[in-house]
Amino acid sequence: MNRDDILAWLLENDPDRLEELWGEADTVREAHVGMAVHLRGLIEVGNHCVRRCAYCGIAACAPRIPRYRMDHYEILDCAHRAWEFGFGTVVMQSGEDPGLTQEFMTEVIRSIRARFGLAITLSLGERSEAELKAWKQAGADRYLLRFETTDPELYRTIHPALPGTVSDRLQQLLLMRDLGFEIGTGVMVGIPGQTWETLAEDIWTFRDFDMDMIGIGPYIPSPGTPLDGELGDGLRRRAGDRQVPNDETTALKVLALTRLLCPDTNIPATTALATLDPAAGRANGLKRGANVVMPNLTPPWYRELYQIYPGKAGLHETADITRAAIEAQIHALGRSIGRGPGGRGRANVAGEG
Ligand code: SAM
């Protein structure tokens, strides 16, 4: 498949042809990563952020929200739940927050490894080489950093660099890979200004960079953010009839095409998909190429404050409820729960249980 084929599939709306795409993606998923769905326990460790991303509800410029940062013991409590639930991995995610210091995160990573032996994924934004090195050495395995879009102008507009710096997320990902991390990236589907051509290039880039994990979710407007206002209107006007919609079918097309192009990568059925379609979004993702789900382990009182967009799936649930609902969905699809760390590679198939 080349870029033109990807573009043609993105523009395809014939229901029979789309059924073909869904079926192909599911077959490739089964052949390359098996029947197991790996569960990664998500811990939203804090919502402080120095960035001014135009799409995000917890950005520094977002309307006033109470800010929080979990302490060592609160994070360890969540990791303990992950271990009790039999998850193989915890994902620690936050705004880009220098207050989550190199030393603090190093201690947290060491403690989680020593006490629970879980695989550790970090998603803490753009961090220095020294921090990344220290966290790798302390026992972190993977890092998630979405490049958001391959259109450089759109990227600069929706993700302004910090004063005096350049933001190059692909470069950061390559550095992380050199340091020994498995690297994960992704995009939002349907951000204002995103054209079909850009989106095809994004999918091509997943393959070009041989990403280990790829997260794809619809863009969900967050009230009060620049992208939900005039900035977004202007970007949409500029894209004109090439503007990508932020609907479920388009997000699922991107997911399925990504599975075809990156057969053995780990692809989550994202929370954004489940938010857009609470009844079936997650299952639809799992049936169209996804093999990972990230149940939220964040205590409910912090979840409320980590609303990168409104109405996030599972907002008012406890970890037990979220986990039970997700496991039931997986079993209803005739799939199994993955055991062990579930990193990229043949081990996924061998250990699918
Ligand atoms: N601060 C870290 C970073 O920027 O990578 C991790 C947290 S950030 C909130 C995680 C991801 O959420 C972003 O990469 C972005 O793709 C997604 N996101 C943020 N706002 C969103 C929105 N309004 N709709 C859909 N996804 C969104």
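So, how was this worked out
- Residues numbered from 1 in each chain as written.
- Predicted model: local features only at pLDDT ≥ 70, side-chain atom pairs only at ≥ 80, totals over all residues.
- Heavy atoms only, no water.
- Helix = DSSP H or I, 4+ residues; strand = E, 2+ residues; numbered from the N terminus.
- Rg over C-alpha atoms; globule rule 2.2 N^0.38 Å.
- Buried < 20%, exposed > 50% of the residue type's maximum accessible area, 1.4 Å probe, protein only.
- Contact = heavy atoms within 4.5 Å.
- Pairing = 2+ DSSP bridges.
- 1 Å grid on protein atoms, 1.4 Å probe; cavity = no way out; pocket = protein on both sides within 12 Å on 5 of 7 lines; lining within 4 Å.
- Points joined across faces, edges and corners; volume = space filled by probe spheres on them.
- Nonpolar A, V, L, I, M, F, W, Y, C, P; charged D, E, K, R; others polar.
- Near = heavy atom within 4 Å.
- Polar contact = N/O pair within 3.5 Å; in protein donor to acceptor, adjacent residues only side chain to side chain.
- Areas by Shrake-Rupley, 256 points an atom, 1.4 Å probe, with all protein chains shown as cover.
- Sits in = over half its atoms within 2 Å of the grid points.
- Expected span 1.5 Å × (residues − 1).
- Phe/Tyr/Trp six-rings, centres within 6.5 Å; stacked < 30°, edge-to-face > 60°.

Trainee: What's the story with the overall build of the chain in this structure? I'm lost.
Mentor: Within the chain one finds 15 helices and eight strands. Its C-alpha atoms give the chain a radius of gyration of 19 Å, near enough to 20 Å, the size a compact globule of 353 residues would have. Dimensions of the chain, computed from C-alpha atoms along their principal axes, come out at roughly 50 × 50 × 40 Å. By residue count, 57% of the 353 residues in the chain fall in the buried class. Sequence-distant contacts, at least 24 apart, represent 78% of the contacts inside the chain between residues at least 6 apart.

Trainee: Quick question: what am I supposed to make of the pairing of strand E1 (residues 36–46) here?
Mentor: In regular strands, side chains alternate between the two faces of the sheet. Within E1, 11 of the 11 residues are buried, which leaves the element mostly enclosed by the surrounding structure. As defined by bridge partners, E1 adjoins strand E8 (residues 336–337) across two bridges and the pair is classed as parallel. Each bridged residue has a counterpart across the sheet, and for Ala 36 the counterpart in E8 is Ser 336. Looking at chain direction, E1 and strand E7 (residues 292–293) are connected through two bridges and run parallel. Residue His 38 lies in a different strand from E7, and its bridge partner there is Val 292. Relative to strand E2 (residues 89–94), E1 is paired through six bridges, and the arrangement is parallel. When the sheet's bridge partners are listed, Gly 46 is paired in E2 with Ser 94.

Trainee: Explanation requested: the layout of surface pockets in the structure shown.
Mentor: If you add up the space inside the largest pocket, you get close to 270 Å³. Around the largest pocket, the lining is made up of 15 residues, and of these Pro 152, Tyr 155, Arg 156, Ser 167 and Asp 168 lie nearest the centre. The residue makeup of the lining of the largest pocket, split by class, is seven nonpolar, four polar and four charged. Surrounding the second largest pocket, 15 residues form its lining, Ala 274, Arg 282, Ala 313, Gly 314 and Glu 317 being those nearest its centre. Within the residue set of the lining of the second largest pocket, elements represented by two or more residues are helix H11 (271–276) and helix H14 (319–332). No other element matches the four residues that H14 contributes to the lining of the second largest pocket.

Trainee: Even after reading the chapter, I still don't get the site of the ligand, so can you show me in this structure?
Mentor: Near the ligand lie 19 residues; those nearest to it are Tyr 55, Ser 94, Arg 146, Glu 148 and Ile 220. Between an oxygen atom of the ligand and a side-chain N or O atom of Arg 146, the distance comes to 2.9 Å. For the ligand, whose unbound accessible area comes to 560 Å², protein coverage reaches 93%. A majority-of-atoms criterion places the ligand in the largest cavity. Split by residue class, the shell around the ligand holds 10 nonpolar, five polar and four charged.

Trainee: Before we go on, may I ask you to explain unusual backbone geometry in this structure?
Mentor: In terms of backbone geometry, most residues other than glycine have negative phi values and most peptide bonds are trans. Positive phi outside glycine occurs at Glu 148, with the angle close to 70°. Even without glycine at this site, Asp 210 takes up a positive phi of about 50°.

Trainee: So what exactly am I meant to see when it comes to helix H8 (residues 196–208) here?
Mentor: Every α-helix winds through 3.6 residues per turn, so residues three or four apart in the chain are directed the same way. Given a rise of 1.5 Å per residue, 13 residues ought to cover 18 Å, and the 18 Å separating the end C-alpha atoms of H8 matches this to within 8%. Along H8, the positions that sit buried rather than exposed are Trp 196, Thr 198, Leu 199, Ala 200, Asp 202, Ile 203, Trp 204, Thr 205 and Phe 206. Buried residues belonging to H8 abut helix H1 (3–11), helix H7 (169–178), strand E5 (182–189), strand E6 (213–218) and helix H10 (248–261).

Trainee: Explain the environment of Gly 232 here, please?
Mentor: Relative to the assigned elements, Gly 232 resides in helix H9 (residues 230–239). With 87 residues separating them along the chain, Gly 232 and Ala 319 place their C-alpha atoms 35 Å apart. Not counting chain neighbours up to four residues away, the residues in contact with Gly 232 comprise Pro 192, Pro 226 and Leu 227.

Trainee: Would you take a moment to explain the packing of aromatic side chains for this structure?
Mentor: Centre distance and the angle of the planes are the two values used to describe a pair of aromatic rings. Evaluated as defined, the whole model comprises six aromatic pairs. Judged by centre distance (6.2 Å) and plane angle (40°), the rings of Trp 83 and Phe 116 are tilted. Of the two residues, Trp 83 is situated in helix H3 (residues 72–85) and Phe 116 in helix H4 (residues 102–116); the sequence distance between them amounts to 33 residues. Between Phe 147 and Phe 206, the ring centres sit 5.6 Å apart and the planes meet at 45°, which makes this aromatic pair tilted.

Trainee: Looking at this structure, how should I read the side chain of Thr 258?
Mentor: By the secondary structure assignment, Thr 258 is in helix H10. Side-chain polar atoms of Thr 258 contact the backbone oxygen of Val 254, separated by 2.7 Å. Residues contacting Thr 258, with those up to four places away along its chain left out, are Ile 203, Phe 206, Ile 214, Ile 216 and Ile 267.

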